[in-house]
Each structure stands twice: as C-alpha cells, then as structure tokens.
Amino acid sequence: MAVKIAPSILSADFADFGAECRAIEAQGADWVHVDVMDGHFVPNLTFGPALCAAIRPHIKTVMDVHLMIAPVDPYIQAFADAGADIITAHIEAGPHIHRTLQSIRAAGCKVGVAINPGTPAVAVAPLIDMIDLVNVMTVNPGFGGQKFIQSQLNTIRDLRTMIGDRPILIEIDGGVDTITAPQCAAAGADVLVAGSAVFKGGSVDQPEMYGANIQALRDSIG
Ligand code: DX5
Ligand code: ZN
C-alpha cells in the first residue's frame, strides 16, 4: 500500500481554510489533517468543532482530526457531528484513554490514539485491538516547523512489530520532509502528516507548489 500524505492545515492560510483544503486535495493530498490545540494540553491554541464543520464541505477525502486537548471526552460528539472521519486522542491527555477510545467508536468515527515522544510504544499495547490508527508524534506537539526527533524511528519500528497483520495505520506527525519521510517509510509508516513541507512556497493562488511539494515527498520515499 502506498504511503499516504496528509497535509496539516496548521500551515495553511488561516483566513482561507476552505480554499486551502480544496487546493491541497486538487494537488494530490490523500487526507486533510486538522490539528486541534487547546492552550492547556499543548502550549498553543488553534480551532475547534465549528471550524471542522465549516471546512467539511470543502474536503472530499478524509478529515483526520488530531485532538491535542484535555479533557477530550466532553468534545468527542461535537467533532463527530462536525464530520470528522478519524478522531485521534492523546494517550497522555487523561487517566481514561480506554473510555475515550470507546467514546470515539461509539460516535461513529475511526479511532486514533496519539503518543508523545516521551511515551513508549508499549503504552499502546493494551489498546491495540480498539484502534484504527496510531499517531506517532515525531516532535513535541504544539507547533509546526519543528525538527524531527530521530529516536522516534525506534517507536515506529516497535509499533510495526506490535501491530502485526492488524489493519491499523501508523501515522507520523511532525518534522516530516524529504529527508525524514523515507526514514519513516522504512520504519513502517503508512501515513505522513506534513505541514511546512507541503505548504512552503505555495498559496491558494499558486497551488502548483503544493503539488510539487507533495510529489517531492512521494518521490523521496521511492
Ligand atoms: C504538531 C502538529 C503537527 C504539525 C506538523 O503539534 O500535530 O501536525 O502541524 O507540522 P510540520 O510538518 O510543520 O512539522
Ligand atoms: Zn497533528
């Protein structure tokens, strides 16, 4: 299966999200990755369910919602109602990740669990048969444009082994570029989130650059 590219709209023009979503999909994005931050679980604030609902009609592929918020549970239904296809919650966001993942499933969404760089792969083991996706943070969450943490390649490899033949996708998030993308793919990644590496140099008026950047990521994997 080809590795999927999921541009993060954290690097898009915040005044023009609808057009940005249409542009990246027209230029070859497989999914649209939406980074929700609360200024509490992570030191930055972005957007919530209303923004997700507003951009939903502009997304034909998959709206991949990454919740960097705590608590998570009170907001799951709102993100599901906003049209999220996948909802990913952090294992570190509270004491009851098992219940959180049950709630995401009950809301009718695909279930993702994310782990920060300080969390070992083995923390996912008790949850493995509940999830459709595991998001491996390869930066400390909160901001785009950070440097890829190389030691997370070990975590990706550990998860690949743990997953075996289960239909669970490994998504890599943070610092993905044409140097680190092939490393991630070799370690077992299925989905690459990329903010800066996709949006750099482009705009809704010059979307070809998005296409060139996405293609460069694909070419780097070979
Ligand atoms: C970080 C977010 C990432 C981020 C990736 O907290 O979860 O999705 O936007 O951005 P880049 O690709 O610029 O590292
Ligand atoms: Zn993310």
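For the structure, check the block above.
Structure report, in brief.

Rules behind the numbers
- Residues numbered from 1 in each chain as written.
- Chains lettered and ligands numbered in written order.
- Predicted model: local features only at pLDDT ≥ 70, side-chain atom pairs only at ≥ 80, totals over all residues.
- Heavy atoms only, no water.
- Pairing = 2+ DSSP bridges.
- Helix = DSSP H or I, 4+ residues; strand = E, 2+ residues; numbered from the N terminus.
- Axes fitted to C-alpha atoms, helices over the stretch in contact; angles between N-to-C directions.
- Near = heavy atom within 4 Å.
- Polar contact = N/O pair within 3.5 Å; in protein donor to acceptor, adjacent residues only side chain to side chain.
- Areas by Shrake-Rupley, 256 points an atom, 1.4 Å probe, with all protein chains shown as cover.
- Nonpolar A, V, L, I, M, F, W, Y, C, P; charged D, E, K, R; others polar.

**Description of the sheet that holds strand β3 (residues 63-68)**
No. 1: Spatial strand order, β1-β8-β7-β6-β5-β4-β3-β2: 8 strands in an open sheet with parallel pairing. One side of each edge strand has no neighbouring strand; the edge strands of this open sheet are β1 (4-7) and β2 (32-37). In this sheet, neighbouring strand axes are inclined to one another by 25 degrees on average, regardless of whether the strands run parallel or antiparallel.
No. 2: The pairing of β2 with β3 spans 6 bridges and is classified as parallel. Paired with valine 34 across the two strands is valine 65, which belongs to β3.

**What about the site of ligand 1?**
No. 1: Surrounding ligand 1, one finds 20 residues, the nearest of these being Asp35, Gly142, Asp173, Gly195 and Ser196.
No. 2: Histidine 66 is positioned such that a nitrogen or oxygen atom in its side chain is 3.4 Å from an oxygen atom of ligand 1.
No. 3: Contact between ligand 1 and glycine 145: an oxygen atom at 2.8 Å from a main-chain N or O atom of the residue.
No. 4: In isolation ligand 1 offers 380 Å² of accessible surface; the protein chains occlude 99% of this area.
No. 5: Those elements that provide at least two residues to the shell around ligand 1 are β2, β3 and β8 (191-194).
No. 6: It is β2 that contributes the most residues to the shell around ligand 1, 3 residues altogether.
No. 7: Grouping the constituent residues of the shell around ligand 1 by class yields 8 nonpolar, 10 polar and 2 charged.

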